[in-house]
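Listed below, chain by chain, are the residues.
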Amino acid sequence: MNVLLCPLSDPGYLYPALAAGRELRRRGHTVQVLAGQQAEAAVTAAGLTMWAVTDPTALSVTHWTVRGPEQHTAVARAVRRLRPDVLVTSVLCHGALVAAESAGLPVVVLGLAAYLWSYRTGPADECGRAWRLAETVKHYASVREAAGLAPRRDRFADTPLLGAAFLLRGHPALEVPGAELPGAVGHVGPCWWEPEPPVAEPLPDSKPLAYVHLGRTFGGTSLWPRLNTAFTSGTHRAVVELGRSGAPEAAPGADLIVGRRRWMGPLVERSDLVLTNATSAPVLAALLHGKPLLVAPNGSEQKVLAAGCLRAGVARRLPESGARAEALRAAVHDTARDHGLRARTEEVGGLLADGKSEARAADAVESAAR
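To start, this report covers the structure provided alongside it. (Residues numbered from 1 in each chain as written. Predicted model: local features only at pLDDT ≥ 70, side-chain atom pairs only at ≥ 80, totals over all residues. Heavy atoms only, no water.)

## Some remarks on the overall build of the protein chain
Broken down by element type, the protein chain carries 13 helices and 13 strands. At 20 Å, the protein chain has a C-alpha radius of gyration in line with the 21 Å of a compact globule built from 370 residues. When its C-alpha atoms are laid out on the principal axes, the protein chain stretches across 60 × 45 × 35 Å. Scored against the burial criterion, the 370 residues of the protein chain give a buried share of 55%. Across the protein chain, the fraction of contacts at a sequence separation of at least 24, relative to all contacts at a separation of at least 6, is 65%. When the accessible surface of the protein chain is totalled, it reaches about 15,100 Å², and 52% of it is carbon and sulfur. Counting 40 positive and 35 negative side-chain charges, the protein chain places the centres of these two groups 2 Å from one another. (Helix = DSSP H or I, 4+ residues; strand = E, 2+ residues; numbered from the N terminus. Rg over C-alpha atoms; globule rule 2.2 N^0.38 Å. Buried < 20%, exposed > 50% of the residue type's maximum accessible area, 1.4 Å probe, protein only. Contact = heavy atoms within 4.5 Å. Areas by Shrake-Rupley, 256 points an atom, 1.4 Å probe, with all protein chains shown as cover. Lys, Arg positive; Asp, Glu negative; His and termini not counted. Charge placed at Lys NZ, Arg CZ, Asp CG, Glu CD.)

Structure, rendered in structure tokens:
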């Protein structure tokens, strides 16, 4: 079987696709990766073959709402050249969905840690699922229109976004109790892989660590004022991963180590807790390493996943902006020392770790290609 991985090239989307690709290659399949040049080091580290797209923004999640036609052009060109039997792509990579439909190919979609859109049935959770689905379908439809395809008439609005199989990387514990997922959607687990750090990062050992991962603000509240307060004269030192956020705003005297890294696992392992806006990669890293979460969501995925973590008992919520310094420092200390929270985190993390997620993802790809 000839498999073309065409995920978004950002680490949170690229790495799980590479994990599935490595398992598919181990099973004897031909696996090639279409990605932006910025992904070359990771693809090489994963031992897979890469085809670079000429437009570096075409497969970037930062531009997913406006670069869908360019995604479609890049994936369609690769399909004609490489003649795959099946595509594996990321949620929000609508150009790949349209290219697969045009070529008559099955496509498997790697989702995030929780389902973002409306359930088939079940209680509402006030996370804006219907609005988010409508906006996503609007962007998808614009890509189909640019590709010259006629409008679809599906019973459910999310059907064209799901492909032959839509694989969630979390656990049912992160979904709304009693909610019914679409039939094409299933949980496979984290598909965790990341490049090995070149050396162990030297860090001061005078205080215990908290790992902080910043997401986009979506017009919401920056975490920096609360980080500066929580980690000034507090019990922990923070290692802050900037991710796709803007420039750092660390205050003088704040106990923060700030940077951008291609890995997080070793730092999460050394930390007492993970503080995050609640995007999939840091949440899954925390769960896999049994570290309790402190969440501060703004928009999009963050609200859905933060709500899921709070319901599942693996997280506390960071006090809002304007909270007293004592409350912010206490939130860090108390999250790290909450034995019940840690035990539940270890329990859910154990369920994820035992799920053989790469094998389950590879099974789904093989089934889709039959």
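This is not the end of the story, as more comes after the structure.
## Details of the sheet that holds strand S9 (residues 237-241)
Ordered by their spatial adjacency, six strands build an open sheet running S10-S9-S8-S11-S12-S13, and the pairing between neighbours is parallel. Single-partner strands in this sheet number two, and they are strand S10 (256-259) and strand S13 (315-317). Strand-to-strand twist in this sheet, taken as the mean axis angle between neighbours without regard to direction, amounts to 20°. Strand direction decides the pairing type here: S9 and S10, joined by four bridges, are parallel. Paired with Val239 across the bridge in S10 is Ile257. Packing of helix H10 (residues 301-312) onto the sheet brings it into contact with strand S12 (293-295) and S13, and relative to S13 it is tilted by some 120°. (Pairing = 2+ DSSP bridges. Axes fitted to C-alpha atoms, helices over the stretch in contact; angles between N-to-C directions.)

## Topic: the environment of Lys303
Topologically, Lys303 is positioned in helix H10. Taking the C-alpha atoms as reference points, Lys303 and Ala278, separated by 25 residues in sequence, lie 7.5 Å from one another.

## Considerations on the pattern of salt bridges
Proximity of charged atoms lets side chains of opposite charge pair with each other. In this structure the tally under the stated criterion is 20 salt bridges. When the shortest N-O distance is used, the salt bridge between Glu70 and Arg67 registers 3.4 Å. Classification of Arg67 by relative accessible area gives partly exposed; the value is 22%. Here Asp338 and Arg316 are joined by a salt bridge, their closest N and O atoms 2.9 Å apart. Of this pair, Asp338 sits in the loop between helix H11 (325-337) and helix H12 (339-353) while Arg316 sits in strand S13, placing them 22 residues apart in sequence. (Salt bridge = Lys/Arg side-chain N within 4 Å of Asp/Glu carboxyl O.)

## Digging into H10
If you check H10, its first and last C-alpha atoms are 16 Å apart, about what 12 residues at 1.5 Å a residue would give, namely 16 Å. The complete set of buried residues in H10 reads Glu301, Gln302, Val304, Leu305, Ala306, Ala307, Gly308, Cys309 and Ala312. Elements in contact with the buried residues of H10: helix H5 (129-146), helix H9 (280-288), S12, S13 and H12. A positive phi of about 80° marks Gly313, the residue just after H10. (Expected span 1.5 Å × (residues − 1).)

## Comments concerning the side chain of Arg237
Here Arg237 is to be found in strand S9. Among the polar contacts made by the side chain of Arg237, one reaches the side chain of Ser206 at a distance of 3.2 Å. Filtering out sequence-adjacent residues up to four positions away, Arg237 remains in contact with Pro204, Ser206, Lys207, Pro208, Leu209, Ala210, Phe231, Asp255 and Ile257. (Polar contact = N/O pair within 3.5 Å; in protein donor to acceptor, adjacent residues only side chain to side chain.)

## Here's the deal with helix H1 (residues 11-26)
The terminal C-alpha atoms of H1 lie 22 Å apart, and with 16 residues this matches the ideal 22 Å at 1.5 Å per residue to within 8%. Where H1 is concerned, the buried positions are Tyr13, Leu14, Tyr15, Pro16, Ala17, Leu18, Ala19, Ala20, Gly21, Glu23 and Leu24. The first or second residue beyond H1 is Gly28, which carries a positive phi of 100°.

## Points about the packing of aromatic side chains
Ring pairs (aromatic) are described by centroid distance and by the angle formed between their planes. Under the counting rule described, the total for this entry stands at five aromatic pairs. A centroid spacing of 5.6 Å and a plane angle of 80° characterise the contact between Tyr115 and Trp117, whose relative ring orientation is edge-to-face. Judged by its relative accessible area of 1%, Tyr115 falls in the buried class. Relative to Phe166, the ring of Tyr115 lies with its centre 6.0 Å away and its plane at 85°, an arrangement referred to as edge-to-face. Remark: Phe166 occurs in strand S6 (residues 165-168) and Tyr115 occurs in the loop between strand S5 (107-110) and H5; sequence separation between them is 51 residues. We note that Tyr115, like Phe166, is buried. (Phe/Tyr/Trp six-rings, centres within 6.5 Å; stacked < 30°, edge-to-face > 60°.)

## Regarding the side chain of Ser357
Relative to the assigned elements, Ser357 resides in helix H13 (residues 357-369). In this structure the side chain of Ser357 is engaged in a polar contact, spanning 3.3 Å, whose partner is the side chain of Glu358.

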